[in-house]
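Here are the chains, one letter per residue:
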Amino acid sequence: MYCDLHTHSTASDGTDAPGDLPRLARQAGLSAIALTDHDTTAGLGEFLDAAKRARIKAVPGIELSADPAILHADTLTDTEPPPRLGTLHLLGYFIRPDAPHLIEVQARLREAREQRNPQMIARLNELGMDIHYDEVIEVAGGDIVGRPHIGQVMMQKGYVKSIHEAFSRYLGGRGEAYVRKDRLSAQDAIAAIHEADGLAVLAHPTQLRLDSPSKLEHAVARLKTLGLDGIETRHSDHAPRDTQRFASLADKLGLVTTGGSDYHGSRKTLALGSQKVPLAVYENLLQAHRQRISA
Ligand code: AMP
Ligand code: ZN
Ligand code: FE
Ligand code: FE
C-alpha cells in the first residue's frame, strides 16, 4: 500500500480540481494523499469532502515558498562568490486551514505575487512579447498565479515551444524576465505551520542547490532550530542516492521523513503515486502529528 504526500491542484498550478484528486489517487492505487498547493489552502475544503466520498485517507497540506538566504549566510566564507540561491519550500501537513497566522501568511504571499507577476510580464513586454496580466490570470483560473501560468500564455502565443523553454530562457532563476519573490522567512513559514497545528517539512532538499553534503546538513540543522519536523526524502527530482542521503540525515537529526511525486496534473509529466511511497510513511507522519497536538 502506497501514498503520495506532495500534490498540486488548480487552486495553485496543478491542472486537476482539488475535488478530483482523491478519486484519481484511488484510481492510481493509493491509500492516502496529501494536497500541498503552493501558498494556498483554498482547495482543502473541496479536497477533504471528496476524499470522504472516495474513501481515501487525506492530509490537508500546503507548500510555502520561503527565502533561502539564511541557509547560505553562515556557510559562506569571505573568499567565496555569492551563491546562486536555490529554492526553499516548506510543506505543512495536517494544518488547520482557518488558523489566523497561516491566513495572514497567505495574504502576504499573494501580495508578493501581485507585485512580482506584473514586473515579469513588463520585462517580457520589453523583450517584444505581447502578453497581458489579465490573460495570465485567466489561464491560472485559481487562487494562485505563478510562473507556470505566464509560461503557458507564452507558449499559447508561440513565443516559446515548451514550458521548459519558457523557464530556461525567461522565467527561471537565470532567465531574462526573472524577478525574485520570496518574502517569507523560513522562521515565519515554520511558525505559521505550527500555529495551524501542522508539521513543517523541508520539500525537495536538492532544490536548495547547496553544493556539498556538509552545507546541506548545516542548513537542515539550522531549520531544525527553527522547529523543522521533517525532510522530504522521496521526490521526483531525487536520485536514489539523494533519497538515501536525506533519510540518513533525517535519522541523524531526529526528523520524520515524507515523500511524494509533486504531481501537477498535465502541467508536468510525472504521475500521481509515481514515487511509490509506502503507506507507513503516512502513518508515521500521522503519529508525529498526534504527538505534536497532544504535547
Ligand atoms: P512560482 O511559484 O510562480 O515561482 O512558480 C514556481 C512553479 O514553477 C513551481 O510549481 C515549479 O514546479 C515550476 N517550475 C519551476 N522551474 C520549472 C521549470 N524549469 N520547468 C517547469 N516548471 C518549473
Ligand atoms: Zn508548482
Ligand atoms: Fe516545491
Ligand atoms: Fe510542489
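Throughout this description, residue numbers start from 1 for each chain and increase along the sequence as written. Each chain takes a letter, starting from A, and each ligand takes a number, starting from 1, following the order in which they are written. Local features are withheld for residues below a pLDDT of 70 in this predicted model, meaning they are given only at 70 or higher, and side-chain atom pairs are given and counted only at 80 or more; totals for whole chains, interfaces and linings count all residues. Calculated side-chain values reflect all of the structure's heavy atoms, with hydrogen atoms and water omitted.

**Focus on the pairing of strand β4 (residues 88-93)**
How we decide: We call a residue buried when its accessible area falls under 20% of the maximum for its residue type, exposed when it is over 50%, and partly exposed in between, using a 1.4 Å probe and counting protein chains only. Strands are runs of DSSP state E lasting at least two residues, helices are runs of H or I lasting at least four, and both sets are numbered from the N terminus onward. One requirement defines pairing of two strands: DSSP has to find at least two bridges between them.
Of all six residues in β4, six are buried; the element is thus mostly enclosed. Residue alternation in β4 divides its side chains into two sets, L88, L90 and G92 and H89, L91 and Y93, and both sets are buried. As paired elements, strand β3 (residues 57-66) and β4 share six bridges and run antiparallel to each other. Bridge pairing in β4 places L64 opposite L90. Where β4 and strand β5 (residues 199-202) come together, four bridges link them in antiparallel fashion. Paired with Y93 across the two strands is L199, which belongs to β5.

**With respect to the coordination of the iron ion (ligand 4)**
Short version of the rule: Here the coordinating atoms are restricted to nitrogen, oxygen and sulfur within 2.8 Å of the metal centre, or 3.2 Å for Na, K and Ca, and because water is not among them the sites may look incomplete. Just to be clear on the cut-offs, tetrahedral is four donors with all angles between 85 and 135 degrees, square planar is four donors and octahedral six with opposite donors over 155 degrees apart and all others between 65 and 115, and anything else goes down as irregular.
Looking at the iron ion (ligand 4), the protein donor atoms are H6 (NE2), H8 (NE2), E63 (OE) and D262 (OD), and they sit 2.1 to 2.2 Å from it. Each of the four donor atoms bound to the iron ion (ligand 4) contributes to angles spanning 78 to 164 degrees, and the resulting shape is irregular. Read in sequence order, the donor residues for the iron ion (ligand 4) give the motif H-x1-H-x54-E-x198-D. In this structure, the iron ion (ligand 4) lies 4.8 Å from the zinc ion (ligand 2). Highlighted residues: H8 in the loop between β1 (2-4) and α1 (21-27) and E63 in strand β3, separated in sequence by 55 residues. You can call H8 buried: its relative accessible area is 0%.

**Quick notes on the nonpolar core**
Basically, it comes down to this: Nonpolar cores were defined as sets of buried Ala, Val, Leu, Ile, Met, Phe, Trp, Tyr and Cys residues, with membership established by side-chain atoms within 4.5 Å. We call two residues in contact whenever any of their non-hydrogen atoms come within 4.5 Å of each other.
Ranked by internal contacts, the top residues of the largest apolar core, which has 46 residues, are L64, L88, L90, L102, V220, L223 and L228. For this core, the element with the most residues is helix α8 (residues 186-195), which contributes five residues. What L90 contacts, discounting residues up to four positions off in sequence, is I62, E63, L64, A66, A186, A189, I190, I193, V201, L202 and L228. Grouped together as the second largest cluster of nonpolar side chains are 18 residues, L199, V201, L279 and Y282 included.

**Comments concerning the pattern of salt bridges**
Where we set the bar: Any Lys or Arg side-chain nitrogen found within 4 Å of a carboxyl oxygen on Asp or Glu counts as a salt bridge.
Overall, the coordinates contain 11 salt bridges when judged by the stated rule. R113 is paired through a salt bridge with D39; the nearest N and O atoms lie 3.1 Å apart. Of this pair, R113 sits in helix α4 (residues 100-126) while D39 is found in the loop between β2 (30-35) and α2 (44-54), placing the two residues 74 residues apart along the sequence. For the residue pair R113 and D39, the accessibility class agrees, reading buried in each case.

**Re the domain arrangement of the protein chain**
By a widespread convention, an interface's size corresponds to the accessible area lost as its parts come together. The test is simple: Boundaries between domains were set according to an automatic or database domain assignment. By definition, the buried area sums, over both parts, the 1.4 Å-probe accessible area that each loses when the two are put together. Contacts described as polar in this section are N or O atom pairs within 3.5 Å, which, within protein, must combine one atom able to donate a hydrogen with one able to accept it, while residues neighboring in sequence count only if both atoms come from side chains. For this scheme, ten residues count as nonpolar: Ala, Val, Leu, Ile, Met, Phe, Trp, Tyr, Cys and Pro. Four count as charged, namely Asp, Glu, Lys and Arg, and the remainder, Gly too, count as polar.
By domain assignment, the protein chain separates into domain 1 (2-102 + 188-294) and domain 2 (108-171). Placing the centre of domain 1 and that of domain 2 at their C-alpha centroids yields a distance of 25 Å. Counting residues at the interface gives 12 residues for domain 1, matched by 11 residues for domain 2. When domain 1 packs against domain 2, the two sides together hide about 880 Å² of surface, and 48% of this comes from carbon and sulfur. Its largest share of buried area at the contact with domain 2, domain 1 owes to D13, D39 and R267, together 48% of the area lost on that side. For the pair domain 1 and domain 2, the number of links is two salt bridges. Inspection of the region where domain 1 meets domain 2 yields six residue pairs in polar contact (both at pLDDT 80 or more). Of the residues contributing to the side of domain 1 that touches domain 2, the split by class is three nonpolar, five polar and four charged.

**Let's talk about unusual backbone geometry**
Although it is not a glycine, F94 sits at a positive phi angle of roughly 60 degrees. Along the polypeptide, F94 turns up in the loop between β4 and α4. With a relative accessible area of 10%, F94 lands in the buried category. Even without being glycine, H204 reaches a positive phi, approximately 20 degrees. In this structure, H204 sits in the loop between β5 and α9 (213-225).

**Quick notes on the site of ligand 1**
Stated precisely, the cut-off is as follows: In this text, near means that some heavy atom of the residue lies within 4 Å of the molecule or strand in question. For every accessible area listed, the method is Shrake-Rupley and the probe measures 1.4 Å; residues are considered covered only by the protein chains on display. The pocket and cavity definitions rest on a 1 Å grid over protein atoms only: a 1.4 Å probe that fits but cannot leave marks a cavity, an open set with protein on both sides within 12 Å along at least five of seven lines marks a pocket, and residues lining either have an atom within 4 Å of a point. In this scheme, a molecule is assigned to a cavity or pocket if more than half of its atoms are within 2 Å of the grid points.
Around ligand 1, the neighbouring residues are D13, H38, R113, R116, G146, R147, P148, I163, F167, K181, H264 and K268. Separating an oxygen atom of ligand 1 from a side-chain N or O atom of D13 is a distance of 2.6 Å. Taking R113, its side chain carries an N or O atom lying 2.9 Å from an oxygen atom of ligand 1. In isolation ligand 1 has 500 Å² of accessible area, and contact with the protein removes 75% of it. The cavity where ligand 1 resides is the largest pocket. Residue assignment for the shell around ligand 1 shows that the elements contributing at least two residues are α4, α6 (147-156) and α7 (163-171). A breakdown of the residues in the shell around ligand 1 according to their chemical character gives three nonpolar, three polar and six charged. A domain split of the shell around ligand 1 shows at least three residues from each of domain 1 (2-102 + 188-294) and domain 2 (108-171).

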